[in-house]
Amino acid sequence: MVSLQHYLILAVVLFSIGLYGALSKRNAIVILMSIEIMLNAVNIAMVAFSRYIVPTLLTGQVFTIFIMVVAAAEAAVGLGIIIAIYRNRETIDATEINLMKW
Amino acid sequence: MGLEITFWILAVVGVAAALLVVSLRNVFREALCLVLCFLAVAGIFLTLSADFLAAIQVLVYVGAISILIILGIMLTREVQRGSPANRLLFPAVIVAGLFLGVMAFAVVDTPWQISGVPPVEPTISALGARLFGDGGFILAVEIAPILLLVAILGAIILVREK
């Protein structure tokens, strides 16, 4: 029997992988991909809560739809920023984009 | 029993694909592994009887966001440099491991109040009633397209040739 804990552990593992990628990578596009993995992990947790705790209310699934809307907007704007930076600086290495770094 | 086998296959495929995303050298192959991870998550949604969300996951993530990321990779010609790690490699491993440990402990230790009611299936009409019905999320539904419009306009303005 697959329980709520199985899904939550899966979500936590995926979120940790995404967290590691977002913190440790230099390529800005790979950082964006890691953030997408983290958002997917949150979606799994939301749908699992919705399925096991309030199966008839579907609240978690509604939240997941809004998370997907925000994720799509974030991917579009994020890639736009990355391409604009690449035009100006010829690099998307996050360690070299340090103009506003203290 | 079939649900259990499906869950484990999808979980292993999803976690393996996510690990490949953060460990491969070639950025383009990482993007393809990301597509595999998204597909596994769509299958996980199906095992949770969220059929509409699985379809949306395939449409939005596998169809749109992955294409956007692959386009970004092609437009930036950073593929030759691979995906190296920065100075924070070991702190990142420690932080992610600590987060994993703490959250796994919290998940296992919490007494969840599982409801025995069978889930709604199919979910499309129920979701529609929940989104647009009384006491629903109609304000959020109306704000979401404004957010998307602003995001599209912002992306166009950011990448426009001067």
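Residues numbered from 1 in each chain as written. Chains lettered and ligands numbered in written order. Predicted model: local features only at pLDDT ≥ 70, side-chain atom pairs only at ≥ 80, totals over all residues.

Trainee: What's the story with the interface of chain A and chain B in this structure? I'm lost.
Mentor: Reports often express the size of an interface as the amount of accessible area lost when the parts come together. Each partner contributes to the interface: chain A provides 61 residues, whereas chain B provides 74 residues. Contributing elements (two or more residues each) for the side of chain A that touches chain B: helix 1 (4-24), helix 2 (28-52) and helix 3 (59-89) of chain A. With 19 residues, helix 3 of chain A is the single largest residue contributor to the side of chain A that touches chain B. Tallied by class, residues from the side of chain A that touches chain B come to 43 nonpolar, 14 polar and four charged. (Contact = placed C-beta atoms within 7 Å. Helix = DSSP H or I, 4+ residues; strand = E, 2+ residues; numbered from the N terminus. Nonpolar A, V, L, I, M, F, W, Y, C, P; charged D, E, K, R; others polar.)

Trainee: Looking at this structure, how should I read the environment of isoleucine 56 of chain B?
Mentor: Relative to the assigned elements, isoleucine 56 of chain B resides in helix 3 (residues 51-76). Residues isoleucine 56 of chain B and alanine 140 of chain B, 84 residues apart in the sequence, show an inter-C-alpha distance of 18 Å.

Trainee: Is there a simple way to explain the domain arrangement of chain B in this structure?
Mentor: Split by domain assignment, chain B resolves into domain 1 (1-81) and domain 2 (123-162). For domain 1 of chain B and domain 2 of chain B, the distance between their C-alpha centroids amounts to 23 Å. (Domains from an automatic or database assignment.)

Trainee: How should I be thinking about helix 2 (residues 27-47) of chain B in this particular structure?
Mentor: Along an α-helix, a turn takes 3.6 residues, which lines up residues three or four apart on a common side. In this model, helix 2 of chain B (21 residues) spans 30 Å end to end at C-alpha, consistent with the 30 Å of a helix rising 1.5 Å per residue. In the segment just after helix 2 of chain B, serine 49 of chain B is the residue with positive phi, at about 50 degrees. (Expected span 1.5 Å × (residues − 1).)

Trainee: What should I look at first to understand the packing of helix 1 of chain A against helix 4 (residues 89-109) of chain B in this one?
Mentor: The description of two packed helices rests on the angle between their axes and on the distance between the axes. Interaxial distance between helix 1 of chain A and helix 4 of chain B falls to 9 Å at its minimum, and their mutual angle equals 165 degrees. Classified by the interaxial angle, the pair formed by helix 1 of chain A and helix 4 of chain B is roughly antiparallel. Both helix 1 of chain A and helix 4 of chain B take part in a crossing whose hand is right-handed. On helix 4 of chain B, the residues touching Gln5, Leu8, Ile9, Val12, Val13, Ser16, Leu19, Tyr20, Leu23 and Ser24 of chain A of helix 1 of chain A are Leu89, Ala92, Val93, Val95, Ala96, Phe99, Leu100, Met103, Ala104, Val107 and Val108 of chain B. Here the contact of helix 1 of chain A with helix 4 of chain B is composed, by residue class, of 18 nonpolar, three polar and no charged. (Axes fitted to C-alpha atoms, helices over the stretch in contact; angles between N-to-C directions. Parallel < 35°, antiparallel > 145°, perpendicular 65-115°, else oblique. Left-handed = near helix turned anticlockwise from the far one by under 90°.)

Trainee: Even after reading the chapter, I still don't get the packing of helix 1 of chain A against helix 1 (residues 2-23) of chain B, so can you show me in this structure?
Mentor: Axis separation between helix 1 of chain A and helix 1 of chain B bottoms out at 9 Å; the angle between their running directions is 10 degrees. Considering the angle they form, helix 1 of chain A stands roughly parallel to helix 1 of chain B. Mapping the contact onto sequence places His6, Leu10, Val13, Leu14, Ile17, Tyr20 and Gly21 of chain A in helix 1 of chain A and Phe7, Ala11, Gly14, Val15, Ala18, Leu19, Val21 and Val22 of chain B in helix 1 of chain B. Residues of the contact of helix 1 of chain A with helix 1 of chain B, tallied by class, amount to twelve nonpolar, three polar and no charged.

Trainee: Could you clarify how one ought to interpret the confidence of the model for chain A in this entry?
Mentor: The predicted structure's coordinates, where accompanied by low pLDDT, should not be read in detail. In this model, chain A carries an average pLDDT of 91, and 100% of its residues clear a pLDDT of 70 or more. Within chain A, the element-level pLDDT minimum falls on helix 3 of chain A, averaging 92, and the maximum on helix 1 of chain A, averaging 94. (pLDDT = per-residue confidence, 0-100.)

Trainee: Help me out: how do you make sense of the confidence of the model for chain B in this one?
Mentor: Residue and element names in this part refer to chain B. Counting all residues, the mean pLDDT for chain B is 90, and 99% of those residues have values of 70 or more. Taking the mean pLDDT of every element in chain B, the minimum, 89, falls on helix 5 (residues 124-132) and the maximum, 94, on helix 2. Here the complex is predicted with pTM 0.92, and the ipTM for its interfaces comes to 0.92.

Trainee: What's the story with the nonpolar core in this structure? I'm lost.
Mentor: Generally speaking, soluble globular proteins have nonpolar side chains that are buried together. Residues Ala11, Leu14, Ile29 and Ile44 of chain A together with Cys37 of chain B are the most contacted members of the largest nonpolar core, which totals 73 residues. Listed by contribution, the elements that provide at least two residues to this core are helix 1, helix 2 and helix 3 of chain A together with helix 1, helix 2, helix 3, helix 4 and helix 6 (138-159) of chain B. Leave out the neighbours within four places in its chain, and cysteine 37 of chain B touches Ile37 of chain A together with Gly14, Ala17, Ala18 and Val21 of chain B. (Core = buried A, V, L, I, M, F, W, Y, C linked by C-beta atoms within 7 Å. Buried ≥ 20, exposed ≤ 12 C-beta atoms within 10 Å, placed from the backbone.)

Trainee: Hey, could you run me through unusual backbone geometry in this one?
Mentor: Backbone phi values are negative for most residues with the exception of glycine, while trans is the configuration of most peptide bonds. Residues and elements named next belong to chain A. You will see that leucine 58, though not glycine, has its phi angle at about 65 degrees, which is positive. Within the secondary structure, leucine 58 is located in the loop between helix 2 and helix 3. The backbone of glutamate 90 shows a phi angle near 60 degrees, a positive value even though the residue is not glycine. Summarising the element assignment, glutamate 90 is placed in the segment after helix 3.

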